[in-house]
Amino acid sequence: MSEGIKKVRQQPSQNEDLLFEISSPGKAGYQLPPLDVPSVDPRAALGAGNTRDAIDDFPEVSEVDVIRHFTRLSTWNYAIDLGLYPLGSCTMKYNPRINEAAARVEGMAWPHPYQPDSLSQGAMEVMAELERCLNAITGMDAVTLQPAAGAHGEFAGILLIRAYLESKGNPRKKILIPDSAHGTNPATAHMAGYQVENIASNSRGMVDTEILMKAVDDDVAALMVTNPNTLGVFEEHIADVAKILHDKGALLYMDGANMNALVGVSRPGDFGVDVMHLNLHKTFSTPHGGGGPGSGPVAVKKILEPFLPAPRLKRVGDKWEWNYNLPDAVGRVRAFYGNFGVLVRALAYIMAHGGDGLKRATLDAVLNANYLRKRLEKHYQIAYNEPSMHECVFSDDIQKKLGADTGNIAKRLIDYGFHPYTVSFPLIVHGALMIEPTETESKRELDLFADALISIAEEIEENVEFVKQSPHSTRTSKVDEVGAARKPVVRWKR
Amino acid sequence: MLDTIGVSSLEDLVAHLPAAVRYNDRLPIPDGKSEYEILDYFRKLGETNAGLQASFLGAGVYRHYRPVMVDTIVSRGEFLTSYTPYQAEMAQGTLTAIFEFQSMICQLTGMDVANASMYDASTAVPEAAMMAMRATGRSSVLVARNVHPEYREVLGTYAKFQGMPVQEFAFDAESGQANFDDLATKLTSDTAAVILQSPNFFGIVEDVKQAAALAHEKGALLVVIFSEAVAMGIVAPPRDADIVAGELQSFAIAPSYGGPFAGIIACKEKLIRQIPGRLVGETKDKDGRRAFCLTLATREQHIRREKATSNICTNQALIALMATVFMSVYGKEGLRELATQNLSKAQYLGAKLKHRFSGPFFNEFVADVGAKDVAEMNRALEAKKIIGGLPLGRFYPELKNGVLLCCTEMTRREDMDVVAEVMA
Ligand SMILES: Cc1ncc(COP(=O)(O)O)c(C=O)c1O
């Protein structure tokens, strides 16, 4: 191993077969109490044609098999709990465990969504309080907590825009999307029945107001903008952008994936945003869990409030009620009220920080990103020379000339004990390295990470082939993704 | 750090923001609180919610015992605090578990392919309908009126902007099962999908084979929905469906006032390129060892943008892991025994009450209370610390006298006796 590798040592990890391969007939890990009613024969109750025999090849393992199996698998993962996880745009901050404890309180974990409102007041209060906090943070007027993730929030948000425009007589045809946008933005616009028109960013990586002015006509429903954008740059002319849209009767949608750069510092409601979503699993510290669950609340200005999906919380006397009587509401985007367990976690995070603590977290996130930028700038090409907010984006220009690209650098970072940054996104940067450290990293961890990237830059100068063959130290060496897609095997078979 | 950057204060870092967009007040959120105060807040509020007291509510959210193993595993930081497994070499744990999940969902449903999860069943339903639209090149959808009302509502929301007309077909007033005569008259050469739930919203098992025959005869696909996954321990899998969309909340996922849950979409092999969401596939590493990675990403938004099969990105991975651990703990024998217990309990209570429908039911059924006042009955039960069933008038005006009651392995005989006494 290279001397530059400080954070990890190569260590043996245990092998483990698939559950189906460790199964053996008759093994079981479950317990059920004895039935307190007569046992019924399924064939008699349901009809023989409606029942099944044993499920072929379903696992048969003991309790000890189960815990060893999943524990062994877990050791093959990287995690925030193991160190800095600098995925740009993903906001991989520490997930406080108090959030988990709060969500598992019996009165939070077990309420049924259809139990009477009178027996759900605590759950409704949690949602109301979170709505209040999110309004305060965004400077918007009303919030729905129904969407299950960011992309789902985008969908709800665009439907609100459509409903609003329809109420004015014309839903319009197009959504404008900057070329730096995340893939969910165009996919969402399409799902909501709009055509997508891409807007080229200017030489500073921002929305070009000249181009925008030309693009906005009576067919344009909205612009979907991310601010700070996916380069980590604050859209300097955002207020003008809003005005250009509003003058033509179009609305401004903000993808709030990067709110970690703004909380307590700037409010979208104050710079012309009409509707936005938040990712509670980014900004508000709820865990990613290997890909979800998330929560994507949508916040709107007054003009859009009548269209928010039903049901909405309503205060009647000293009680909360669910109000379904909302004639202008766009339809439901999800059953029940949203990912409530995630909402509990987000509120716990907000309470732990308080208003001043939230702002401090923002400033620390910006500090950490700028510190990394400064340390790396001499070794990697910054993509756009604009002030960074909570993340910084480099290109692989320097390393590319020596034969290594952002993907190679990412894989080599794994050998140094770090999860890679976001690779090759945003698309407007050739060979992007998108780095978001978040506020929860210490200087020590940031330095280890910067040292690792600098060491890799040097390795590329000395032995580029070695870097291109990485990772070298993982249990699983470079994975053949092309082979996987050629002939997909997506389930185990005997 | 400030010196390295070359600024003198934290505020300097955001000084470049235009003054007009700066927020200069203090956020109106109370000062930060300690762990103890936060837990206390949620405990106190929690006490005002009904939690684990006896309840006969089901209707898409079921109260099943959660084996301790489930939280033990999902609390491991390596699962809890990792991101989507894009970097396969350092995410083999998550990838392997998802591969096992996909495999078990195929075994349960009789399908060939299952994705890594959807948000929940209600959003999986429109995604399944859109899959059928793409696969058939047709545009309209028929959905049974005894599919969960909120799933139908969500389907309506998505369909409106897809140019996808959705029409409902009736259920049989006698059996509570889908009315296939009505279905047959509504099927056209433009029908992309027939959507059926089994067990349906009334807890009744449907004839999937016959629905498939009808749909296929007209060139439409059959989409089968489920909301009570435990039924699959004894109810025949919907093998004749083309697409199965469902909810795994029953697999050790707490009701949590309605979420987070985990939906799935599974399908026949021929539809694999139409499936939304993430898929894990088997492959090899450079040294020839078995490895797993995300695959067929060209269906997804981060590659395909507006031409993607869906906009879904974040899914419900950790919740799907809960379900995976649950399925491992119960296994082949356990799931069967669990399902039999559910069936037996529902039969016990069912035998004491008048039924609205005659179809075979799993762990839920509709009781007919006749002229009695449902709300009053539920208040009487509430006084005895029991949450009664769901009055159906809210979703079906014609079923004003109907109450949907659910029994699971957690329902106690003495509580069922009380319900029978109050409702009989
Ligand atoms: C800028 C941006 N927009 C939208 C999304 C989608 O959010 P989600 O994954 O919660 O659906 C992401 C997530 O990575 C993102 O980075």
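A quick note: this is a predicted structure, and the numbers were derived from the prediction, not measured.

## A closer look at the domain arrangement of chain A
All names here are of chain A. With domains assigned, chain A is organised as domain 1 (100–351) and domain 2 (355–475). On a C-alpha basis, the centroid separation for the pair domain 1 and domain 2 is 30 Å. With 27 residues of domain 1 at the interface, the matching set in domain 2 holds 20 residues. Of the charged contacts in the structure, one is a salt bridge between Glu386 and Arg204, with a shortest N-O distance of 2.9 Å. Joining domain 1 to domain 2, the criterion identifies 6 residue pairs in polar contact (both at pLDDT 80 or more). Of the residues assigned to the side of domain 1 that touches domain 2, the class counts are 13 nonpolar, 12 polar and 2 charged.

## Re the pattern of salt bridges
If the charged atoms of two oppositely charged side chains come close together, the side chains can form a pair. Residues and elements named next belong to chain A. Applying the stated criterion across every chain, the model contains 55 salt bridges over all chains. For Lys93, the salt bridge identified is with Glu439, shortest N-O distance 2.8 Å. Pair noted here: Lys93 is in the loop between helix H3 (63–74) and helix H4 (97–103) and Glu439 is in the loop between strand S13 (432–435) and helix H14 (443–462), with a separation of 346 residues, a long-range link. Across the pair, exposure class does not vary: Lys93 and Glu439 are buried alike. For Asp451, the salt bridge identified is with Arg375, shortest N-O distance 2.8 Å. Highlighted residues: Asp451 in helix H14 and Arg375 in helix H11 (residues 340–376), separated in sequence by 76 residues.

## A few points about the interface of chain B and chain A
Listed as interface residues are 179 residues of chain B and, on the opposing side, 191 residues of chain A. In this assembly, chain B packs against chain A so that about 16200 Å² is buried in total across both faces, 64% of it on carbon and sulfur atoms. For chain B, the biggest contributors to the area lost against chain A are Glu89, Met90 and Tyr257 of chain B; these three give 7% of the whole. Our count for the chain B to chain A interface comes out at 10 salt bridges. Counting across the chain B and chain A interface gives 89 residue pairs in polar contact (both at pLDDT 80 or more). Counting residues per element, the side of chain B that touches chain A draws most heavily on helix H11 (residues 317–350) of chain B, at 26 residues.

## Considerations on the domain arrangement of chain B
Residues and elements named next belong to chain B. In terms of domains, chain B is made up of domain 1 (54–66 + 331–423) and domain 2 (68–326). Here domain 1 and domain 2 have C-alpha centroids that lie 26 Å from each other. Tallying the contact residues gives 33 residues for domain 1 and 41 residues for domain 2. Roughly 2900 Å² is buried in total at the junction of domain 1 and domain 2, and carbon and sulfur atoms are behind 61% of that figure. Three residues stand out in domain 1 for area buried against domain 2, namely Arg66, Phe362 and Tyr396, and they jointly supply 25% of the buried area on that side. If you look at where domain 1 meets domain 2, you find 2 salt bridges. Ionic pairing is found between Glu398 and Arg145, a salt bridge with its closest N-O pair at 2.6 Å. At the level of elements, H11 and strand S10 (364–368) are the ones that each hand at least two residues to the side of domain 1 that touches domain 2. Ranked by the residues each element gives to the side of domain 1 that touches domain 2, the list is headed by H11, at 7 residues.

## Brief notes about the site of the ligand
Lining the immediate environment of the ligand, one finds 15 residues, of which Ser89, Asp255, His281 and Lys282 of chain A together with Thr314 of chain B sit closest. Looking at the residues close to the ligand, they fall on chains A and B. Here Ser89 of chain A contributes a side-chain N or O atom positioned 2.5 Å from an oxygen atom of the ligand. For the ligand, an oxygen atom lies 3.4 Å from a polar atom in the side chain of His182 of chain A. In isolation the ligand has 400 Å² of accessible area, and contact with the protein removes 99% of it. Looking at which element gives the most residues to the shell around the ligand, the answer is helix H7 (residues 150–167) of chain A, with 3 residues. Tallied by class, residues from the shell around the ligand come to 5 nonpolar, 7 polar and 3 charged.

## Thoughts on the packing of aromatic side chains
Under the criterion given, the structure shown has 29 aromatic pairs over all chains. Here Phe284 of chain A and Tyr349 of chain A contribute two aromatic rings whose centre-to-centre distance is 6.2 Å and whose plane-to-plane angle is 85°, an arrangement assigned as edge-to-face. With Phe284 of chain A in the loop between strand S6 (275–278) and strand S7 (298–300) and Tyr349 of chain A in helix H11, this residue pair connects regions lying 65 residues apart in the sequence. Per residue, the accessibility class of Phe284 of chain A equals that of Tyr349 of chain A, and both read buried. Centroid distance Phe336 of chain A to Phe261 of chain B: 6.3 Å. Interplanar angle 70°. Geometry classified as edge-to-face. Here Phe261 of chain B lies in the loop between strand S6 (243–247) and strand S7 (263–267) and Phe336 of chain A lies in the loop between strand S9 (319–323) and H11, a pairing that spans two chains. Under the relative-accessibility criterion, Phe336 of chain A is labelled buried at 3%. It is Arg162 of chain A that lies over the ring of Tyr194 of chain A; its NZ or CZ is 4.4 Å from the centre. Against the face of Phe261 of chain B rests Arg334 of chain A, its NZ or CZ located 5.9 Å from the ring centre.

## What to know about the pairing of strand S5 (residues 221–226) of chain B
Residue and element names in this part refer to chain B. Taken across its 6 residues, S5 has 6 buried, putting it largely inside the fold. Taken together, strand S4 (residues 191–197), helix H9 (residues 208–217) and S5 constitute a β-α-β crossover, and its handedness is right-handed. With 4 bridges joining them, S5 and S6 adopt parallel strand pairing. The partner of Val223 across the bridge, within S6, is Ile243.

## Overview of the sheet that holds S10 of chain B
All names here are of chain B. Across the sheet, 3 strands lie side by side as S10-S12-S11; this open sheet has antiparallel pairing. Edge positions in the sheet fall to S10 and strand S11 (390–391), since each of these pairs with one other strand and no more. Looking at chain direction, S10 and strand S12 (residues 402–406) are connected through 5 bridges and run antiparallel. Paired with Phe365 across the two strands is Leu405, which belongs to S12.

## Comments concerning the packing of H11 of chain A against H14 of chain A
Two measures define how a pair of helices packs: the angle their axes make with one another and the distance between the axes. All names here are of chain A. Following both chains from N to C, one finds H11 and H14 inclined at 30°, their axes separated by 10 Å at the closest point. With respect to H14, the element H11 is oriented roughly parallel. Note on packing geometry: the crossing formed by H11 with H14 is right-handed. Each of Asn368, Tyr371, Leu372, Arg375 and Leu376 in H11 lies in contact with H14, whose residues at this interface are Lys443, Leu446, Asp447, Phe449, Ala450, Asp451, Leu453 and Ile454. For the contact of H11 with H14, the residue count by class is 8 nonpolar, 1 polar and 4 charged.

Cut-offs applied
Residues numbered from 1 in each chain as written. Chains lettered and ligands numbered in written order. Predicted model: local features only at pLDDT ≥ 70, side-chain atom pairs only at ≥ 80, totals over all residues. Heavy atoms only, no water. Domains from an automatic or database assignment. Contact = heavy atoms within 4.5 Å. Salt bridge = Lys/Arg side-chain N within 4 Å of Asp/Glu carboxyl O. Polar contact = N/O pair within 3.5 Å; in protein donor to acceptor, adjacent residues only side chain to side chain. Nonpolar A, V, L, I, M, F, W, Y, C, P; charged D, E, K, R; others polar. Helix = DSSP H or I, 4+ residues; strand = E, 2+ residues; numbered from the N terminus. Buried < 20%, exposed > 50% of the residue type's maximum accessible area, 1.4 Å probe, protein only. Buried area = accessible area lost by both parts, 1.4 Å probe. Near = heavy atom within 4 Å. Areas by Shrake-Rupley, 256 points an atom, 1.4 Å probe, with all protein chains shown as cover. Phe/Tyr/Trp six-rings, centres within 6.5 Å; stacked < 30°, edge-to-face > 60°. Lys NZ or Arg CZ within 6 Å of the ring centre and 35° of its normal. Right-handed = clockwise from strand over helix to strand, strands pointing away. Pairing = 2+ DSSP bridges. Axes fitted to C-alpha atoms, helices over the stretch in contact; angles between N-to-C directions. Parallel < 35°, antiparallel > 145°, perpendicular 65-115°, else oblique. Left-handed = near helix turned anticlockwise from the far one by under 90°.

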